[in-house]
Amino acid sequence: MNTLRTITLSILTIASLALLGCEDPVPTDYTEEVVLEGFVIVGEPLNNIRVFRSLPITDTFKIENASVKDAVFTVKADGTELPIEFVDDSLGGTYRAVDTAYRALPGVTYTVEMRARGKVITGSTKTPPLFTWVRPPADTFQYPGINNELVRDPSLDIFWTAVPGVTQYIISMEAVDTLGYGVYLTPPTDDTNRRVRTEDRFDDGTLISSERTRYGFALQPSTPVVWSIFKWFGKQEIQILAPDKAFSDWFRMVGFGRRSQYDYRLSSVKGGLGTWGSASTIKWSSFLKKDKP
Amino acid sequence: MLTTAVGISLAAVEPSPDKGAINGFIEDTTSKETLVGATVMVKGTKLGAYTNKSGYFSIANIPTGDQIIVISSIGYIRKELTVRIEAGTSVKLRVQMVQSKTTTKEVLVSAERAEDKRQISISQVNIPMEQLSQIRIGGEADIFRALQMLPGVLSSSQISSGLYIRGGSPDQNLVLLDGMTVYNPTHLFGFISAFNNDAVKDVDLIKGGFPAEYGGRMSAVLNITQKDGNRDHVEGLVGIGLISSRASLQGPLGNGSWFIGGRATYLDLLLGLLPEDPESPFPNFNFYDVNAKLTQNLSDDDKISISGFLTRDKLNFEQPGLLFNVGIGNRATSLRWSHIYASDLFSVATLSASRYDNGFDGNQAGFEFAIDNSITDYSLKTEFEWFAAEDLTFKFGYEGTIYNFTYEQNTSGRTDGSTNNQSSVFLLDVWDNIHSVFAQNTWNITDAVSLQSGLRANYWSKSEQLLFDPRLALRFQLTDGIALKAAWGIYHQYLRLASAPDFTFFDTWLPTDNTVPPGRADHYIVALETQPFEGFDFNVDVYYKKLHNINELRQNNTQARKVSDVFYIGNGETYGAEFFLQKKMGQFTGWIGYALGFVYSQFDSINQGVTFRPKFDRRHDLKITGLFRLNERWEFGASFMFQSGQSYTGATSSLGGRMPGWDGGIVMVNPSQRWGLRLPSSHQLNLNVNYNTTLFDLPFRIFLDVFNVYSRRDIWFRFYDTTEAIPTVTDVRLLPILPTISFELKF
């Protein structure tokens, strides 16, 4: 029994000591990754392509600091190569088809092979077919006010034709003029535009999301008007996107839910990070009237 | 000295011609409640038995003549009585035991639980309710919280009562309440368990290697027995705590008893007293539960009981532009019939129905949505226990369950029925059934060696699969105080739970269809049970568990039409060792437990196929509890736990992401190995003082609890806050020190 007592106490002592020192410190090691972000939108020029590298987590991520400007592309549409060039701008620049008159076609397979910083990233997407409005948005919406947002007006529901193979539609609402408001009224006024509600800001007061476009999704080819999707009052471009799976997955990653961590399962390219997706689209112009001047 | 009555009657049975037998029930003298796990021994022989869940025992092949029968049970005064054994007959006993609260002498405080060498029960923990009730959170005694203080039983966090047992997730545990399966045994989205301690008589946890009588789960069995009720007189209890209040009432009825108890929270009332910002209001939340049981002895050989269990959690939140309601609940009932065919043949038949449902509906800026799901089972279980010989016992039976799974998801934006678009209104209504037969025997090969073998066959209608679960357990008594045990078994699981690890919010049970294989676990366990010091048990369990076809939720998939759309399927393994030193008797009771555990998972679609450890994996796990009963008025308790931190995922760099049309974009971090890093260790000390007094001449107890005494705020989870200009590691921490006072009045 004395032996057992000794064993028991020894085990408990060792176990207590072993409990200490299991913590892993937060790592700061940097591993560079190359990111390809490309979207093929049916009926639009091939110009939504970015290449950049990831940055150390100890730095502020700015696309202009991360941009990769010397990538070599091979993009093909159903096997026919489309030459790609880099166009610089203040946001790090983008890649586009050399033939600026080129418009992406429905039902075509676009492949990409991109070489940069020692990486080869490949992807493939087949553009979805065209579709049309069944009942487009109203030309003018009257914002009901934040305390009445829950009240739904069925007459404002929108409908479009179903796209075979598409299980999730993306709805985008873009404020096309963040300054002018009264100029679109009849009679015109000098009223300026403003945001519907205050946006989240960084600690230094700058807006986290300075973009003018808000996205939502619908699992069916119709949806009620959702007031919270509007970022700004005034002139809007309402767009329905019928995405392929790659585009849809990227939307889940960055457009809906605001993930803070990259998810490899939502990436559609091989050899690096990013997406190579496509969508067909329909658009409509509307105007969101303020609940108060 | 012993003032309780002993009822003795003769029954016609068929023991060995030259020997006799005894059988019967062991009860509490005051309430006449049957006692589970009481030991009945024939003094001077190696003959003995434990009472089963019905309080029944049977001992055969007893030499004729006057025999001294020794009965003991934790918390009761040991009792000896002389019984005349006659050849060819069986004596039926109904023995009543006196509780041991009136003395402080250790030898009398608790009866010694004599070790029955036939008891194979590997990895089985039976904690007396008295001890379980001393482990409280926020003044609430909680069975699951108490079980989390056992080595090898982990939680996902301090605010979760989910039981992660030996690397298995909570959905891999079979939770039974009077034979009814309970599918979501929690309140407050997992914060506390749904079982009211006042209504519970016995709690049995089998952490692995469970016998063939149990099936349908891969990891563990938690078998809870409700109180029958006081057969002697009406009594009641009222308790007031921080989170909830509770009340129970019980009494005799005919040739039996009844019990009803309930709890309800008043968090919503408390929140209503606080000043509220209309732009950011508090959510309204409340829960309640009800336990009820009715028991009748139809004859000496027949007993029926009807049990009911009802829980409901409701959450309502409304602010400008947003409204949602959540409702979660269990409803279960069972009819149980215990019948003694002969002194050596005992049966229990249980007819039960259990339903768990949750619903979520809301309106965001004019977009209406609703999600509802439920699982309902209708079960029949018949079980026969045949004490064939002194060294051979058989158990066999049938279990059949009809399941109904429903799932309704309306994301059309319109929940008034005006939509006719089926792609956004998903309705699932699946009926399925499972039939199982099982047989097991316990054979005392020699005085030192016992073997339990069993086989369970399961037929699943939906997937048309017939699968066999063999089970084997061995006990070898090395010396008087040391036993070596081993167990092996295959365990299939048919049900899968879609759930987030930290909240039981939208828990959805799903069947195994033909798109995924059934889950399976292979258990290998070796255990050493010893009594190193007088009054102490010290057990060491070493286990290895191979997990096949386990699942992780596919959180990225918003449209699921089959089970494989909902889950990623993978494999895993878990192994470790547990050390458990327990003192069950005396003025001071408690335990020290330490577990060393390893859990690994591998999914082709997760972590790029690389093996990872789940978030709840903790390498070291030390638990200490103690209860000191100073005198009849004062009791002092403490519990302490020290664990390795949970896992978190680090980052190797940051990147941007945008949609076409965005000028900027969002920032994300690129993750390193999934759950590859470990948070700081968790540790926590809780203290409690109980003061027993009277109020209006009625027993009155005051409980003072201090949760998290030194206010160590454990990290719930760690993430990178990418809304900051530079991604910032952010820790979300759990509760600080929380002193509470609660009261209990018995009448």
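Residues numbered from 1 in each chain as written. Chains lettered and ligands numbered in written order. Predicted model: local features only at pLDDT ≥ 70, side-chain atom pairs only at ≥ 80, totals over all residues. Heavy atoms only, no water.

The helix and strand inventory of chain A stands at three helices and 16 strands. Out of the 293 residues belonging to chain A, those deemed buried represent 50%. Once local pairs closer than 6 in sequence are excluded, the contacts in chain A between residues at least 24 apart make up 69%. Carbon and sulfur atoms provide 53% of the accessible area of chain A, an area that totals close to 13,400 Å². (Helix = DSSP H or I, 4+ residues; strand = E, 2+ residues; numbered from the N terminus. Buried < 20%, exposed > 50% of the residue type's maximum accessible area, 1.4 Å probe, protein only. Contact = heavy atoms within 4.5 Å. Areas by Shrake-Rupley, 256 points an atom, 1.4 Å probe, with all protein chains shown as cover.)

Another aspect to go through is the overall build of chain B. Counting secondary structure elements, chain B contains five helices and 49 strands. Against the globule reference of 27 Å for 747 residues, chain B gives a C-alpha radius of gyration of 27 Å, in line with a compact fold. Counting only C-alpha atoms and orienting by the principal axes, one finds that chain B spans roughly 95 × 60 × 50 Å. Residue burial in chain B is summarised as follows: out of 747 residues, 61% are buried. Long-range contacts, defined as pairs at least 24 residues apart, comprise 64% of the intrachain contacts of chain B with a sequence gap of at least 6. Here chain B displays about 27,500 Å² of accessible surface, and carbon together with sulfur accounts for 60% of that area. Treating the 65 positive side-chain charges of chain B as one cloud and the 78 negative ones as another, the clouds have centres 3 Å apart. (Rg over C-alpha atoms; globule rule 2.2 N^0.38 Å. Lys, Arg positive; Asp, Glu negative; His and termini not counted. Charge placed at Lys NZ, Arg CZ, Asp CG, Glu CD.)

Detailed reading of predicted coordinates is not advised where the pLDDT is low. Residue and element names in this part refer to chain B. With 92% of its residues at a pLDDT of at least 70, chain B reaches an overall mean of 85. Note that pLDDT drops below 50 for residues 1-15; the model gives that stretch 37 contacts with residues more than four away or on any other chain. If you check the scores for this complex, the pTM reads 0.85 and the ipTM reads 0.86. (pLDDT = per-residue confidence, 0-100.)

Note on sheets: strands pair through backbone hydrogen bonds, and any given pair is parallel or antiparallel. Residue and element names in this part refer to chain B. Read across the open sheet, the four strands follow the order β4-β3-β6-β7; overall the sheet is antiparallel. Where the open sheet ends on each side, the last strands, each with one partner, are β4 (48-50) and β7 (79-85). Across the sheet, the axes of successive neighbouring strands diverge by a mean angle of 20°, strand direction being ignored. In this structure, strand β6 (residues 65-72) lies alongside β7, joined through seven bridges in antiparallel fashion. (Pairing = 2+ DSSP bridges. Axes fitted to C-alpha atoms, helices over the stretch in contact; angles between N-to-C directions.)

For the rest of this paragraph, the subject is the environment of M668(B). Residues and elements named next belong to chain B. If you trace the backbone, M668 turns up in strand β43 (residues 666-671). Among the residues examined, M668 registers a relative accessible area of 0% and is labelled buried. When the C-alpha atoms of M668 and G657 are compared, they prove to be 7.4 Å apart, with 11 residues separating the residues in sequence.

Right, let's get into helix α3 (residues 245-255) of chain A. Along α3(A), 10 of the 11 residues are buried, which leaves the element largely enclosed by surrounding structure. Looking only at α3(A), the buried set comprises A246(A), F247(A), S248(A), D249(A), W250(A), F251(A), R252(A), M253(A), V254(A) and G255(A).

Right, let's get into the interface of chain B and chain A. Contacts between chain B and chain A engage 84 residues on the former and 80 residues on the latter. Applying the counting rule to chain B against chain A returns 15 residue pairs in polar contact (both at pLDDT 80 or more). (Polar contact = N/O pair within 3.5 Å; in protein donor to acceptor, adjacent residues only side chain to side chain.)

For the rest of this paragraph, the subject is a nonpolar patch on the surface. All names here are of chain B. Together, V234, V238, I240, L249, I260 and F747 make up an exposed nonpolar region whose accessible area comes to about 480 Å². Mapped onto the fold, L249 is located in strand β21 (residues 244-253). The class of L249 is partly exposed, set by a relative accessible area of 30%. (Patch = residues over 30% accessible without salt bridge, like charges linked within 9 Å, V, L, I, M, F, W, Y side chains within 5 Å. Salt bridge = Lys/Arg side-chain N within 4 Å of Asp/Glu carboxyl O.)

The subject of this paragraph is the pattern of salt bridges. Side chains that carry opposite charge are capable of pairing whenever their charged atoms lie near each other. Tallied over the full model, the rule gives 47 salt bridges over all chains. With its nearest N and O atoms 3.2 Å apart, the salt bridge here joins E37(A) to R658(B). With E37(A) in strand β1 (residues 34-41) and R658(B) in the loop between β42 (651-657) and β43, the pair connects residues from two separate chains. Comparing E37(A) with R658(B), the two get one shared label, buried. The residue K201(B) makes a salt bridge to E33(B) at a minimum N-O spacing of 3.5 Å. On the criterion of sequence distance, the pair formed by K201(B) in strand β18 (residues 200-206) and E33(B) in the loop between β2 (20-28) and β3 (39-42) is long-range, its members being 168 residues apart. For the pair K201(B) and E33(B), a shared accessibility class is recorded, and that class is buried. Where salt bridges share partners, they join E33(B), D178(B), K201(B), D228(B), K293(B) and K303(B) into one cluster.

Geometry of an aromatic ring pair is reported as the spacing of the ring centres plus the angle between the planes. The full count for this structure, using the stated rule, is 48 aromatic pairs over all chains. Between the aromatic rings of Y181(A) and F287(A), the centroid separation amounts to 5.3 Å while the plane-to-plane angle is 35°, which identifies the pairing as tilted. Of this pair, Y181(A) sits in the loop between β12 (169-175) and β13 (213-218) while F287(A) sits in strand β16 (residues 273-289), placing them 106 residues apart in sequence. Relative to Y264(A), the ring of Y262(A) has its centre 5.2 Å away and its plane inclined at 90°; by these criteria the two rings are edge-to-face. Here the basic side chain of R674(B) rests over the ring of F612(B), its NZ or CZ set 4.8 Å away from the ring centre. Over the aromatic face of Y648(B) sits the side chain of R718(B), whose NZ or CZ is 4.7 Å from the ring centroid. (Phe/Tyr/Trp six-rings, centres within 6.5 Å; stacked < 30°, edge-to-face > 60°. Lys NZ or Arg CZ within 6 Å of the ring centre and 35° of its normal.)

Now for unusual backbone geometry. Omega for the bond connecting T186(A) with P187(A) falls within 30 degrees of zero, at -5°, which places this linkage in the cis form. Tracing the backbone through its elements, the reader meets P187(A) in the loop between β12 and β13. Here N607(B), not a glycine, exhibits a phi torsion of approximately 55°, which is positive. Mapped onto the elements, N607(B) comes out in the loop between β38 (588-603) and β39 (620-629). Of the residues examined, N607(B) reaches a relative accessible area of 17% and is grouped as buried. Phi at Q608(B) takes a positive value of approximately 55°, unusual for a residue other than glycine. Examined against the element boundaries, Q608(B) turns out to sit in the loop between β38 and β39.

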